[in-house]
Amino acid sequence: MSIEVKDIHFSYGKIKALDGINLNLPKGAIGLLGPNGAGKSTLIRILLGFLSPHKGEGRILGYDIKTQQHMIRRYVGYMPEDDCAIPGMDAVSFTCYLGELSGMPHQEAMKRAHEVLFYVGLEESRYRMLETYSRGMRQRLKLAQAIVHDPKLIFLDEPSSGLDPHGRKEILELIMDISSKKDIQVLISSHILSDIEATCSHVVILNKGRIVTEGEMNVLKQIRYNLFEMKIKGESAEYFRKLQEINCKIDYLDDGIWKVYMPPEMNSQVIFKLAVEERVQIRYFVKSQTSLEDLFAKAVGIEG
Amino acid sequence: MDMKIKEKIAFFFTSMRNVFSFFLRLGLKTKKTKIFYLLSFLPILMALIIKFSQVFSNGRQIEGIFIFSNMIMVFYLQFLILILALFFGTSVCSEEVEGKTLTYLVTRPIPKPAFILGKYSAYTLIVILMVAVGVIFSFVILNVDNLLDFSRYKIFLRYMAVLTLGILCYSSFFMFIGTFLKRSILFGLIFSFGWENVVQYFPGSTQRFAIVHYLKSLLPPSSGGRFSFLLFRLEPSSPGMSIFMLFLITGIFLVLSCVVFSLKEYILDD
Amino acid sequence: MMPIIETKNLSKWYGNVLGLSDVTLQIDSGVTGILGPNGAGKSTFLRLITGQLKPNIGTVKIKGKKVRNNYSLFSIIGFCPEQDCFYDELTGWQFLASLLKLHNFSNDEAEQKAQKALEIVELSDDKNRVIRSYSRGMRQRLKFAQAIAHDPEIMILDEPLNGLDPLGRRKIIRLIKTYQREGKTIIVSSHVLPEIEAMTKKIILIHQGKIFAQGNIHYIRDLIDTHPHIISIKCSHSRELASKFIHEDYVLKVHFDIASNSLLVETNNRDKFFSQLPSVLIENNIKVDEITSPDDNLQAVFDYLIGK
Amino acid sequence: MTIKEKGYAHWDGKLQEKRFPWFPITRLGIKLAFKKKYFKFLFSMTLVPAIIYLAGIYASERLEDFRFMISESALFIKITPAYFNSYYTNDFILFMIVMIMVFAGAGLISDDLKYNALQLYFSRPLSKKDYIFGKASVIVFFMFIVTIIPGVVFFIMKLIFSGSFKFLIDYPWLILSIFGYSLILIAFFSFYTLFLSSLSKNRRYVTVLIFGLYVFSDILYGIFYGNFHNHYFSLLSIKCNIKQIGAYIFNQNRPLPVPWIYSFLVLLFICIVAGIVLNKRVKGVEIVK
């Protein structure tokens, strides 16, 4: 077990940020999910030793979080949420610099900095000044500095925030690639469900400083409803009326997507049979995977 | 047509007043201001120490008004108003650009000159208040046994007026520097502790290129003290001329600041 | 009718770095989404049309008036900047109320409006905390509040959903739709497709400082209709289903994705395909798990246009 | 045949416990200082007195050769500890040191605060001590060049020019004085600058403080002295304190009749306060309540 914590409490003045967190996390990629202000960043900062918990204890990679922070930080990489930089430097010297601070020899750090920048896709702009970097490039650079010393455990705080879909996909792919190396563990905090869904095998949902749910991704994702999302072209009113007649519940989502709840024993073929009868086209048909989303929504209080 | 211009002017002044009250409030609140408060209240402490020691010692007594004018001369004129004007003056524009908060202001229905003038008046008022509190208290403390001597108040008012003029003038100059240059503070330091001091030693009319020359021309010639050499070679201009020049300098830089601020584009990315 | 916002040949560069190049367009009321990857020039465009930057070439007009140094326009414009910067020492309440007073509202009016805006973004409970102690999401909402507090006709919002959780996102989207119904002009920039998709059909695609496309999503779709369309079907007997379609002339290509056990059909006549599909399924008793079109969303349009 | 593995590759080196984990911080600080506009010019200005004093040492030995150029009454340059003292405590050098602090020191911590860089440092195996020490070493580096190096060079040159060890025998303690005085000066300015730099995110503000407090302390002394004619007020002035200590260490008459140890204690006190505040301000994360 590389992350174990027991009964962690932390508060900023009167505001309780963490209220009794117990974790015992397996290897692999772990998602820390929760809305803004749920305590995700605070938890990461405690695990890194930036903050000392007011109550509780824990071990990271076998080192105590209160007394052996120095050793933890040697083998941990951290990608902070805020924009951070050291102005006046180019990307290579920046990455190399932080590698050296982790304990790499200068020449090795330089070599590794180039490698890592290639890896995160900044090869063309590695000699450019940090000030001229765009949001997406800075995000990559933050990832680069987190992996430059080849850590055993990487904390990523909101890695995809502020990225366009393309950039987001690429960053997530990089993270998946890193975590597929069996000996590197990754902990990702995010408020974006799909990020976590795409990358993690284990998920912890936090809300208001407490753990709401924790477990294996594929267990949590198991489908509990017979729920379909559909897009229809044609005369839909009569079609839906017929569906309702056979006890289906129909809900309208945004953007022409309809949600159809079906009694569990019913065969989904019916939907197509009725479509033939009513001459409507079914242009989009997906068995909804929303159990995790529902779980998340329930946990943080969004109505279905 | 006449009405329209009148309305416009009225609008300009209300906008200015709004900006003024916004920044007066903000300026009084920030942490930076608090440290400068400490600095500007130090003279009160000095005055207290001096007074107490005079009460308890039997030695030669120095006139309160003499100490007062000495303090004004050295501490306020040569140091405090420069530092305060430098910091607050350059802040008018630079702090908005550095903090990237300029956006909130330029997307309001306020003419840009009204913004500059409003913030300038707010910040100079803060500086004047800071200075005035220190000056008034130290004056009262030092002259506590002669408070009925009204001629002293005249001297006091004269000093206060000169300091106010100095603050107005320096602030507008530094504000202009702040709207214009990126590294305004360094330039300002060189100007205030380099140029303003050095120029006084040059012969002829050279000293008329320093603001401090006009300020000193308005003060009675002071004597004695370790720093009397700072008055070296003062060839005073006439009071009328000095006041005119100070207002002229203030005016010119206010106008220039407005022009630069309206025309220059500030790119907020670092 | 006069367009609300009109730009002509708008170009901007920073030193020798290109920001925006030759943008000519007209924006009417309703929600317009500005879409593009990071660094595409969205922020530059929005700063140009609000007069914060001077264009190197070209002109901007809002309601027929030039923008730069035309302060009177800003009583009907609300702007939400991208950068996460505030007067940190103020409380949320003071921040909003002070900015509103700059609109020449009377004190009471300004305070009323500030209160209302805080209620809209649900920050009333935290209004007396200093902004420095706000979380990312709260700051984002506060920024949004200052853009809408004075009830402007034109709202220009630069990445307003950035850093918000799904709950906050949903609320802002709902708000923007309400404003649209009230007949306001809203320009929203984003780099996230589903966000824009949820708000509007009217989009402007910006990439590398240039306008790549402008108009309705469907219109754009039509524009590239020559581009064949792929439909993915996950079902029980995919090879059997494939054999039924292989003879149709509107089907260009059929192939299988072994990994996801699905059939990919490439067609140039979607209508015909979809009207045939249900009966084929029923006749052959094929059980369908999923029907999707990987390139039916904005992402596909986007990728196609930027040549990916 | 081997094919390079695609994707993330491990680094095959080993992380080591470095003896000077702060060294990269120092190197970066120095590099960034030299990148600033005008800094090179300013720094070379700081070295001008050293060159003049060096020329003086040369002239003192070769005075016979120049005799025809100078009149009989001309001042004879004598190289004694007083000569060293006057180099180390002249107003120009002290002023230039403050200017170097403004250029190279003001941003050391305040920029890290502004750009959220502290969390990058502290997510690495660096202790707070390492960080502060690394930053302080930037100041040490520049001060070293302005203080210790010229002193040692003067000393050696004097020996070489005179061709005998008489100077060393006359003043065997002088080399220790050079080191002792320089170290005090370096320690003081490091604490002073870092302390002020950690006070604010805004470098402009720090610049004003570094410069302002130095000038202010001297003016304060001027005012009090002007009124009381009591030399003990010189303890308020940073400049005077430095001069007093210098005079003691170089075994010269003190410029003011105040025991040097008081001056030393004042500077020590400033350093301690600075250290405490620094320790409080430098943190991995800012906690707002």
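Residues numbered from 1 in each chain as written. Chains lettered and ligands numbered in written order. Predicted model: local features only at pLDDT ≥ 70, side-chain atom pairs only at ≥ 80, totals over all residues. Heavy atoms only, no water.

Student: Please explain the overall build of chain B as it appears in this structure.
Tutor: In terms of regular secondary structure, chain B is built from nine helices and zero strands. A compact globule built from 270 residues would reach a C-alpha radius of gyration of about 18 Å, and chain B, at 20 Å, matches this within 12%. If one aligns the C-alpha atoms of chain B with their principal axes, the spans along those axes are about 70 × 45 × 40 Å. Among the 270 residues that make up chain B, the fraction classed as buried is 57%. Contacts in chain B between residues at least 24 apart in sequence constitute 82% of all its contacts with a sequence separation of at least 6. Roughly 11600 Å² of accessible area belongs to chain B as shown, and the carbon and sulfur atoms make up 74% of that amount. In chain B, 25 side chains carry a positive charge and 13 a negative one; their mean positions are 2 Å apart. (Helix = DSSP H or I, 4+ residues; strand = E, 2+ residues; numbered from the N terminus. Rg over C-alpha atoms; globule rule 2.2 N^0.38 Å. Buried < 20%, exposed > 50% of the residue type's maximum accessible area, 1.4 Å probe, protein only. Contact = heavy atoms within 4.5 Å. Areas by Shrake-Rupley, 256 points an atom, 1.4 Å probe, with all protein chains shown as cover. Lys, Arg positive; Asp, Glu negative; His and termini not counted. Charge placed at Lys NZ, Arg CZ, Asp CG, Glu CD.)

Student: What exactly am I supposed to notice about the nonpolar core here?
Tutor: Soluble, globular proteins show a tendency: their nonpolar side chains are buried together. Core analysis: the biggest nonpolar cluster contains 307 residues, and A:F155 and B:V131 have the highest contact counts within it. Considering every element that reaches this core, the biggest residue donor is helix α3 (residues 64-98) of chain B, with 22 residues. The contact partners of A:F155, leaving out residues within four places of it in the chain, are A:I3, A:I44, A:L47, A:L48, A:I60, A:V76, A:G77, A:Y78, A:M79 and A:L187. Counting residues in each nonpolar core, the second largest holds 35 residues, with A:C248, A:F285, C:I231 and C:V251 among its members. (Core = buried A, V, L, I, M, F, W, Y, C linked by side-chain atoms within 4.5 Å.)

Student: Honestly, the sheet that holds strand β3 (residues 29-33) of chain A in this entry has me stumped. Any pointers?
Tutor: Working definition: the strands of a sheet are paired by backbone hydrogen bonds and lie parallel or antiparallel to each other. All names here are of chain A. Spatially, the six strands line up as an open sheet ordered β6-β7-β8-β3-β9-β10, and their pairing is mixed. Pairing within the sheet leaves two strands with one partner each, and these edge strands are β6 (76-79) and β10 (210-216). Averaged over all pairs of adjacent strands, the angle between their axes in this sheet comes to 15°, without regard to strand direction. Judged from the five bridges that link them, strand β7 (residues 153-157) and strand β8 (residues 185-190) form a sheet pairing that is parallel. (Pairing = 2+ DSSP bridges. Axes fitted to C-alpha atoms, helices over the stretch in contact; angles between N-to-C directions.)

Student: Honestly, empty space enclosed by the protein in this entry has me stumped. Any pointers?
Tutor: The rolling of a water-molecule-sized probe over the atoms marks out the regions of remaining empty space. Per the stated rule, a full pass over the model turns up 11 cavities of 30 Å³ or more. In this structure, the largest cavity occupies an estimated 140 Å³ of space. Classifying every residue of the lining of the largest cavity by side-chain character gives seven nonpolar, three polar and five charged. (1 Å grid on protein atoms, 1.4 Å probe; cavity = no way out; pocket = protein on both sides within 12 Å on 5 of 7 lines; lining within 4 Å. Points joined across faces, edges and corners; volume = space filled by probe spheres on them. Nonpolar A, V, L, I, M, F, W, Y, C, P; charged D, E, K, R; others polar.)

Student: Is there a simple way to explain the sheet that holds strand β1 (residues 3-12) of chain A in this structure?
Tutor: All names here are of chain A. Taken in spatial order, the four strands make up an open sheet running β2-β1-β4-β5, and their pairing is antiparallel. Taken across any chain shown, the strands that pair with only one partner, and hence form the sheet edges, are β2 (15-25) and β5 (63-64). Sheet topology note: the β1/β2 ladder contains eight bridges and is antiparallel. Paired with V5 across the bridge in β2 is L23. On the sheet, helix α1 (residues 40-48) packs against β1, β2 and β4 (55-60) and is oriented at approximately 120° with respect to β1.

Student: Help me understand the interface of chain A and chain D in this model?
Tutor: When the parts of a complex come together, some accessible area is lost, and that lost area is often used as the size of the interface. The partner chain D presents 34 residues to the 47 residues of chain A that form the contact. At the surface where chain A touches chain D, the tally comes to two salt bridges. Inspection of the region where chain A meets chain D yields 23 residue pairs in polar contact (both at pLDDT 80 or more). Of all the elements in the fold, those that place two or more residues in the side of chain A that touches chain D are α1, α2 (69-74), β6, α3 (91-101), α4 (106-119), α5 (135-147) and α6 (165-180) of chain A. With five residues, α3(A) is the single largest residue contributor to the side of chain A that touches chain D. Residue composition of the side of chain A that touches chain D, by class: 27 nonpolar, eight polar and 12 charged. (Salt bridge = Lys/Arg side-chain N within 4 Å of Asp/Glu carboxyl O. Polar contact = N/O pair within 3.5 Å; in protein donor to acceptor, adjacent residues only side chain to side chain.)

Student: Just to check I follow, could you spell out the packing of aromatic side chains for this structure?
Tutor: Any aromatic ring pair is given by two values, namely how distant the centres are and how the planes are angled relative to each other. Residue and element names in this part refer to chain B. For the coordinates displayed, the defined rule picks out 82 aromatic pairs over all chains. Summarising the aromatic geometry, the rings of F173 and F191 are spaced 4.6 Å apart at their centres and angled 40° between planes, so their arrangement reads as tilted. Separated by 18 residues along the polypeptide, F173 in helix α6 (residues 150-180) and F191 in helix α7 (residues 184-198) bring together distant segments of the chain. Each member of the pair F173 and F191 is classed as buried. (Phe/Tyr/Trp six-rings, centres within 6.5 Å; stacked < 30°, edge-to-face > 60°.)

Student: Can you help me understand the packing of α3(B) against helix α13 (residues 203-228) of chain D in this one?
Tutor: Relative orientation and spacing of two packed helices are given, respectively, by the angle between their axes and the distance between those axes. At a minimum axis separation of 10 Å, α3(B) and α13(D) run at an interaxial angle of 175°. Taken together, the axes of α3(B) and α13(D) lie roughly antiparallel to each other. Touching B:I67, B:M71, B:V74, B:F75, B:F79, B:I83, B:F87, B:T90, B:S91, B:S94, B:E95 and B:E98 of α3(B) are D:R204, D:Y205, D:V208, D:G212, D:V215, D:F216, D:I219, D:I223 and D:N227, all from α13(D). Split into classes, the residues belonging to the contact of α3(B) with α13(D) amount to 13 nonpolar, five polar and three charged. (Parallel < 35°, antiparallel > 145°, perpendicular 65-115°, else oblique.)

Student: Got a minute to help me understand the domain arrangement of chain C in this structure?
Tutor: When its domains are assigned, chain C resolves into domain 1 (5-224) and domain 2 (228-307). The gap between the C-alpha centroids of domain 1 of chain C and domain 2 of chain C is 39 Å. (Domains from an automatic or database assignment.)

Student: In this structure, what is going on with the side chain of A:S179? I would like to understand it.
Tutor: Relative to the assigned elements, A:S179 resides in helix α6. Engagement of the side chain of A:S179 in a polar contact is seen with the backbone oxygen of A:M176, the distance being 3.1 Å.

Student: Help me understand the packing of helix α5 (residues 112-142) of chain B against helix α9 (residues 239-263) of chain B in this model?
Tutor: Residues and elements named next belong to chain B. For the pair α5 and α9, interaxial distance at closest approach is 8 Å and the crossing angle is 135°. As judged from the angle between their axes, α5 and α9 are oblique. The interaxial crossing formed by α5 with α9 has right-handed handedness. Residues K112, P113, F115, I116, L117 and Y120 of α5 form the contact with α9, whose participating residues are T250, L254, S257, C258, F261 and S262. Class assignment of the residues belonging to the contact of α5 with α9 gives a composition of eight nonpolar, three polar and one charged. (Left-handed = near helix turned anticlockwise from the far one by under 90°.)

Student: Is there a simple way to think about the side chain of B:S40 in this case?
Tutor: Among the structural elements, B:S40 can be located in helix α2 (residues 31-56). Here B:S40 is in contact with B:Y76, B:L80, B:M130 and B:G134, once residues within four sequence places are set aside.

Student: Whenever I open this one, the environment of B:I185 confuses me. Can you help?
Tutor: For B:I185, the position within the fold is in helix α7. A relative accessible area of 4% places B:I185 in the buried class. The sequence separation of B:I185 and B:F87 amounts to 98 residues, and the corresponding C-alpha distance is 7.6 Å. Among residues more than four places away in sequence, those in contact with B:I185 are B:L86, B:T90, D:R204, D:T207 and D:V208.

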